[in-house]
Amino acid sequence: MPKQPLAEVFGFPITNASPDAAQYQKNRLCPYNNKVPNCTKDKAEDPLGVCSLFEGDDDPTATIVCPVRFRQDWLITVDAAKFFFPPDAKWTSLTEVRLADKHGKSAGNIDVVLVSYDDAGRITDFGSVEVQGVYISGNITKPFKHFMQDPDNRRDMAWTGPNYPRANYLSSSRKRLAPQMIYKGGILKAWGKKQAVVVHKHFYATLPNLKPVEAGNEANADIAWQLYHLQRHPTEDRYKLTLDRVVHTMFEPALEQITRTEAGPIETFISKLQDKLDEKLENGNPPDAPTLQDILSQ
C-alpha cells in the first residue's frame with residue numbers, strides 16, 4: 001500500500017470499499033457512539049472525519065486522534081467499571097458532565113462518568129473516565145479532502161510533500177492531559193473518587209515513567225491508566241479497539257511526573273545567554289538593565 005497518513009476515515013480504512021464504508025463516508029456518519037449520528041470533529045457542518053492516523057514509516061500502525069473513537073462498543077466503560085465498582089454492582093454511564101470547583105467556576109466537562117446505583121435508583125458511587133486522543137502536527141486536512149473528493153478512485157492514494165501530518169504526543173500531554181489532571185483530577189481526588197484515563201498505548205509510552213502501585217494493591221490506586229491499540233482485522237478491513245494493559249497509579253506521584261519538565265544541562269543555557277550577551281555588546285548596546293551598583297548609588 002502506498003504511503004499516506006489516513007488510517008480511518010468516518011470509521012473505516014480508506015481501502016475499505018464495502019457498502020457500509022461508502023454510506024458512512026458519504027453521509028459523514030460516526031460509528032463510535034458520538035452524541036449525534038454524524039461526525040462532529042472540528043466542525044459539525046463540515047467535519048474532519050479522521051479517526052486515526054498512521055504512525056511509523058517501516059511498519060505503520062494506527063494511532064487514535066479522535067477521542068470519540070475510543071467509544072467503540074463502550075469497551076472503555078466496561079474496563080473502568082471493573083476498577084470503580086464491585087463485580088455485582090449495577091452501573092450506567094453519563095457523558096459530558098460539567099464539573100465545578102467550590103466557587104462554582106467550571107473546571108471543564110468530564111468525558112464519561114460511571115455511576116453505580118441501588119434498587120431504588122439512588123447513586124451509591126461514581127468514577128470519572130477521561131479520554132485523551134492525540135493532537136496532530138502538520139496538515140491532515142489536505143489529504144483528507146483529497147480522499148473525500150473521490151473515495152472510489154483514491155483508496156490506494158499516496159501522499160507526500162511538506163507538512164506531512166504526524167502525531168504530536170508532547171502537545172497532547174502538556175496542553176491537554178496535564179491541565180485536565182490538575183483541574184478536574186484534583187477535585188475528584190479531593191472527593192476520594194477513582195479515575196480512569198484512557199489513552200492509546202503509543203501515547204502512554206511517551207509519558208514519563210509512572211510508578212505503578214505494588215502488585216495486589218490495584219484496588220487502592222487512584223488512577224487506572226487504560227491503554228488501548230487498534231487491531232486490524234484483514235478479512236473485514238476494519239480496526240477493533242483492543243485493551244493492551246492497565247497501569248494503576250496513585251494521583252500525586254503521577255501528576256508530579258507528568259507536569260515535571262526534565263532539565264537539560266545548565267551549561268547549554270548559559271552558553272545561549274553568553275551568545276546573546278556577546279552579540280549585544282558587539283553591537284555597541286550596553287545592557288539596558290541597571291547593575292546592583294547603579295541601584296545602590298541612587
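Just above, that's the structure.
Here the residue numbering is sequential within each chain, running from 1 through the sequence in written order. This being a predicted model, a pLDDT of at least 70 is required before a residue's local features are given, and a value of 80 or more before pairs of side-chain atoms are given or counted; all residues contribute to the totals for chains, interfaces and linings. Heavy atoms throughout the structure, all of them, feed into the side-chain values; hydrogens and water do not.

1. Comments concerning the overall build of the protein chain
Looking only at helices and strands, the protein chain has eight helices and eleven strands in total. Whereas a compact globule of 298 residues would reach a radius of gyration of roughly 19 Å, the protein chain reaches 24 Å, over 25% beyond that. In terms of overall dimensions, the protein chain has C-alpha extents of about 80 × 55 × 40 Å along its principal axes. Relative accessible area decides the class of each residue, using a 1.4 Å probe on protein chains only: under 20% of the type maximum gives buried, over 50% gives exposed, and in between gives partly exposed. Counting over 298 residues, the protein chain shows a buried share of 40%. The protein chains shown are the only cover counted for residues, whose accessible areas, like all others here, come from Shrake-Rupley with a 1.4 Å probe. About 17,200 Å² of surface is accessible on the protein chain, with carbon and sulfur atoms providing 51% of the total. Asp and Glu count as negative and Lys and Arg as positive, but His and the ends of the chain are not part of the count. To locate a charge, take NZ of a lysine, CZ of an arginine, CG of an aspartate or CD of a glutamate. Counting 36 positive and 38 negative side-chain charges, the protein chain places the averaged centre of each group 5 Å from the other. Strands here mean DSSP runs of E at least two residues long; helices mean DSSP runs of H or I at least four residues long; both are numbered from the N terminus. C-alpha atoms define the radius of gyration, and 2.2 Å times the number of residues to the power 0.38 defines the globule rule.

2. Here's the deal with empty space enclosed by the protein
Whether a set of points on the 1 Å grid over the protein atoms alone is a cavity depends on a 1.4 Å probe fitting there but being unable to get out, while an open set qualifies as a pocket with protein on both sides within 12 Å along at least five of seven lines; lining residues are those with an atom within 4 Å of a point. Grid points are joined across faces, edges and corners, and a volume is the space filled by probe spheres set on the points. Applying the stated criterion to the full structure yields one cavity of 30 Å³ or more. What the largest cavity holds in volume is close to 80 Å³. The wall of the largest cavity is formed by Ile110, Ser128, Glu130, Leu177, Gln180, Met181, Lys184, Gly185, Leu188, Gln195, Ala196 and Val197. Those elements that provide at least two residues to the lining of the largest cavity are strand S6 (123-131), helix H4 (169-190) and strand S9 (195-200). A total of six residues in the lining of the largest cavity trace back to one element, the largest contributor, which is H4. Split into classes, the residues belonging to the lining of the largest cavity amount to six nonpolar, four polar and two charged. Amino acid classes used here: Ala, Val, Leu, Ile, Met, Phe, Trp, Tyr, Cys and Pro are nonpolar; Asp, Glu, Lys and Arg are charged; the rest, including Gly, are polar.

3. Looking at the sheet that holds strand S1 (residues 6-9)
Strands pair in a sheet through their backbones, by hydrogen bonds, and they do so in one of two ways: parallel or antiparallel. The sheet built from three strands is open, its strands ordered S1-S2-S3 with antiparallel pairing. Only two strands of the sheet have a single partner each, and these edge strands are S1 and strand S3 (61-64). For this sheet, the mean angle separating the axes of adjacent strands, direction not counted, is 30°. In short, DSSP must find at least two bridges between two strands for them to pair. Strand direction decides the pairing type here: S1 and strand S2 (residues 50-55), joined by three bridges, are antiparallel. In the strand pairing of S2, leucine 6 is matched with leucine 53. The contact definition used throughout considers only heavy atoms, calling two residues in contact when any of these lie within 4.5 Å. Axis definition: a line fitted to C-alpha atoms, over the contacting stretch in the case of helices. Angles run 0 to 180 degrees between N-to-C directions. Helix H3 (residues 141-149) rests against S1 and S2 of the sheet, and its axis sits at about 55° to S1.

4. Brief notes about the layout of surface pockets
If you add up the space inside the largest pocket, you get close to 810 Å³. If you go around the largest pocket, you meet 40 residues; those closest to its centre are Lys41, Val65, Cys66, Pro67 and Val68. Among the secondary structure elements, those contributing two or more residues to the lining of the largest pocket are S2, strand S4 (90-100), strand S5 (106-117), strand S7 (135-137) and H4. With four residues, the top contributor of residues to the lining of the largest pocket is S5.

5. Regarding the side chain of threonine 249
Secondary-structure assignment places threonine 249 in strand S11 (residues 238-249). Beyond its immediate chain neighbours, meaning those up to four positions away, threonine 249 contacts Leu210, Lys211, Pro212, Val213, Ala221, Asp222, Ile223, Trp225 and Ala254.

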